[in-house]
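Residue-level structure breakdown
These are the residues of each chain, in order.
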Amino acid sequence: MTALPKIRLIWLGVTAALMTLTLWMIFLWVPTEINQGNIQRSLYFHVPVAWVAMVAIVLIAVASVAYLKTRDEKWDRLAVAGAETGVIFAALMLITGMLWAKPVWGVWWTGEAKLTTTLILFFIYVAYLMFRAYFPPGEQRRRLAAIIGVIGAIDTPIIYYGAQLWERAHPSAVVGPLSESDSSLDGPIGLTLMVATLTFSVLFVYIASERYRLRKQEDEVTSLLRAISLQPPRTPSSSMDNAEPISSVPAEGA
Amino acid sequence: MREIIVSLLVVLTAFSIPLAIPGEVKAQSVASSSTAADGNTNGVITVIQVDQDTKLVGFVLSTKDGELVEMSVNDSTSFGLENTSGDRWVSEFGADPAESLLRITDQRERFAPVTVTVKDGIATAVVDREQGDLERNLGFLFAIYLVTWAGFFAYIFIVSRKQNDLSREINTLKGQVLGSEHESGLVD
């Protein structure tokens, strides 16, 4: 196991400390909500996860625009890191949402706008990653993936406004420009939700940075293999014959 | 009109108790009811207590163990109760005492279980439905947290393993590139 650089170690420590604080607040500090009982504590995981899933698609869009403008591969790496991390958060958002809906609404899933647009968000992530996995590596793939990333972000405001625009089982927005002034999310419930959202945002940054690093390593392997393949042929007595065999030349990562 | 209905309901409630519960059992139960301990208590409402102005002052809850526990209400007692048509009413006793009595009476007539949070013998919250089945809901809650953590750990584990594999591969490849450059005279 490679030694973690200091900043990553500190970030991991901050994430762990914040997660401990969040769990303490969720299970020991915040009071039980009157209408739903203990199952309402799902809010402190479901909403932050959903928030991060939407932040991730915005990150992809921003990184994609930056890539299209500069053609710098670091932006493409950032978009990939955001997409792969985002798909994890989007999947968890859907699963935790269903597990919460069953005892509260009596069904696992309804066809309401917010759920449908959220499912579309998940499919956008999957489509983005599948495109990258199956399209031949190179500049064209990066460019087209960036365009998909920008288009995909259009879904984000639709999800946010979904509960306001159509009939719904979801409550109205409690944070942001559409939030209602008489929202019940104040006091300990609101504070716990804010802390949980901060914690998951920090966790997202950690996971995305790890994925970014992995992507960088994949690019490094590709360029090293390219360098080896461009070298002149060696004599049979070359010391290279004793080198450790390389498994395979990886395609440019997804 | 509402007051008349409430009065009728209270009178009916008072008269229906002896009909619903055998006399000796009823006498024994009321006599043996105890003040509820602090915390959450589940059960069905068996007796509703009102004052001379037909204002709700308290009620007796029959727990699943057959124990009768008595508790009073005050202005800050919160209610979250749903009627048969699915209309959920959320309010505090002080905001609408008459509706509180109606809802409590409705719960009692339907033998619908409620969960009451008690502090110092006073009901601070009276709710039905989800809280009435705490164990089932806790199972869902556990599943949500388990799935989330399992998802994160699995992903971080996969990424970490790939990083280690690639680090080894990069070192090997760098060695090969360096060795090749030495051989071709590019590096001293």
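Within any chain, residue numbers begin from 1 and follow the written order of that chain's sequence. A letter from A marks each chain and a number from 1 marks each ligand, given out in the order of writing. Confidence filtering applies because this is a predicted model: local features only for residues at pLDDT of at least 70, side-chain atom pairs given and counted only at 80 or more, and all residues used for totals across whole chains, interfaces and linings. Just so you know, side-chain values use all the structure's heavy atoms and leave hydrogens and water out.

All right, on to the overall build of chain A then. Going along the chain from the N terminus, every DSSP run of H or I of four or more residues is numbered as a helix, and every run of E of two or more is numbered as a strand. For chain A, the count of helices and strands is 7 helices and 0 strands. When the helices and strands of chain A are read in sequence order from the N terminus, they spell out α-α-α-α-α-α-α. We call two residues in contact whenever any of their non-hydrogen atoms come within 4.5 Å of each other. When contacts within chain A are restricted to residue pairs at least 6 apart in sequence, those whose partners lie at least 24 apart make up 72%. For the area figures, the Shrake-Rupley method with a 1.4 Å probe applies, and any residue is considered shielded solely by the protein chains shown. If you sum the accessible surface of chain A, you get close to 12,500 Å²; carbon and sulfur atoms cover 69% of it.

Okay, the overall build of chain B next. Per the secondary structure count, chain B includes 4 helices and 8 strands. Put simply, chain B runs from its N terminus to its C terminus through helices and strands in the order α-α-β-β-β-β-β-β-α-β-β-α. Each residue gets one of three labels from its accessible area relative to the maximum for its type: buried under 20%, exposed over 50%, partly exposed in between, using a 1.4 Å probe on protein chains only. Looking at the 188 residues of chain B, the share that counts as buried comes to 40%. Once local pairs closer than 6 in sequence are excluded, the contacts in chain B between residues at least 24 apart make up 52%. Carbon and sulfur atoms make up 59% of the accessible area of chain B, which totals about 10,000 Å².

Residue and element names in this part refer to chain A. At a minimum axis separation of 10 Å, helix 4 (residues 113-134) and helix 5 (residues 139-152) run at an interaxial angle of 175 degrees. In terms of their interaxial angle, helix 4 and helix 5 are classed as roughly antiparallel. Residue-level inspection shows I124, Y128, F131 and R132 of helix 4 in contact with helix 5, the latter providing R141, R142, L144, A145, I148, G149 and G152. Ten residues, namely Ala, Val, Leu, Ile, Met, Phe, Trp, Tyr, Cys and Pro, are considered nonpolar, four, namely Asp, Glu, Lys and Arg, are considered charged, and the remaining ones, Gly among them, are considered polar. Partitioned by chemical class, the residues of the contact of helix 4 with helix 5 number 6 nonpolar, 2 polar and 3 charged. Only the stretch in contact is used when a helix axis is fitted, and all axes are lines through C-alpha atoms; the angle between N-to-C directions ranges over 0 to 180 degrees. Orientation is classified from the angle alone, with under 35 degrees giving roughly parallel, over 145 giving roughly antiparallel, 65 to 115 giving roughly perpendicular, and any other angle giving oblique.

Only buried Ala, Val, Leu, Ile, Met, Phe, Trp, Tyr and Cys residues count toward a nonpolar core, and they belong to the same one when joined by side-chain atoms within 4.5 Å. Core analysis: the largest hydrophobic core is formed by 63 residues, its most contacted members being Y44, F89, L121, Y125 and F200 of chain A. Elements with a contribution of two residues or more to this core: helix 1 (6-29), helix 2 (43-70), helix 3 (73-105), helix 4 and helix 7 (187-230) of chain A together with helix 4 (134-183) of chain B. No other element matches helix 7 of chain A, which puts 14 residues into this core. Other than its neighbours up to four places away in sequence, Y125 of chain A contacts A53, A56, I57, I60, G82, A83, G86, V87 and A90 of chain A.

Residues and elements named next belong to chain A. With 78% of its residues at a pLDDT of 70 or more, chain A has an overall mean of 81. Here pLDDT means the predictor's own confidence in every residue, given as a number from 0 to 100. Highest mean pLDDT in chain A belongs to helix 2 (92); lowest belongs to helix 6 (residues 155-165) (71). Every residue in residues 237-254 is under pLDDT 50, and counting partners more than four places away or in other chains gives 38 contacts.

Attention now goes to the environment of I159 of chain A. Residue and element names in this part refer to chain A. Looking at the secondary structure, you find I159 in helix 6. Given a relative accessible area of 4%, I159 falls into the buried group. Distance in space between the C-alpha atoms of I159 and K114 is 5.5 Å, their sequence separation being 45 residues. With near-sequence residues (within four places) excluded, I159 lies in contact with M54, K114, T117, T118 and L121.

Centres within 6.5 Å make a pair out of two Phe, Tyr or Trp rings, where for Trp the six-membered ring is used; the pair is then stacked when the planes are under 30 degrees apart, edge-to-face when over 60, and tilted otherwise. A full pass over the atoms with the stated rule returns 12 aromatic pairs over all chains. A network of ring pairs unites the aromatic residues F27, F45, F89, F200 and F204 of chain A together with Y145, W149, F152 and F153 of chain B as a single cluster.

Further remarks concern the pairing of strand 3 (residues 56-62) of chain B. Across a regular strand the side chains alternate sides, sitting on one face of the sheet and then on the other. Residue and element names in this part refer to chain B. Counting buried positions along strand 3 yields 6 of 7 residues, so the element is predominantly enclosed. By the convention used here, strands pair only if DSSP detects at least 2 bridges between them. As paired elements, strand 2 (residues 39-50) and strand 3 share 6 bridges and run antiparallel to each other. Bridging from a neighbouring strand, I48 pairs with F59 of strand 3. The hairpin formed by strand 2 and strand 3 contains 5 residues between the paired strands, and T54 there has a positive phi angle of roughly 55 degrees. Bridging between strand 3 and strand 4 (residues 68-72) involves 5 bridges; their strand directions are antiparallel.

Let us now look at the environment of G80 of chain B. Residue and element names in this part refer to chain B. Topologically, G80 is positioned in strand 5 (residues 78-82). Judged by its relative accessible area of 0%, G80 is buried. Taking the C-alpha atoms as reference, G80 lies 4.5 Å from V127; in sequence the two are 47 residues apart.

Glancing now at helix 2 of chain A. Here helix 2 of chain A contains 28 residues, and its C-alpha end-to-end distance of 40 Å stays within 8% of the 40 Å for a straight helix at 1.5 Å per residue. Directly after helix 2 of chain A, the chain includes R71 of chain A, whose backbone phi takes a positive value near 60 degrees. To estimate the expected span of a helix, subtract one from its residue number and multiply by 1.5 Å.

It is worth spelling out the pairing of strand 6 (residues 88-92) of chain B at this point. All names here are of chain B. Residues W89 and S91 point to one face of strand 6 and are all buried, whereas R88, V90 and E92, pointing to the other face, are not buried. Examined bridge by bridge, strand 5 and strand 6 share 5 bridges and lie antiparallel to one another. If you follow G80 over to strand 6, its bridge partner there is V90.

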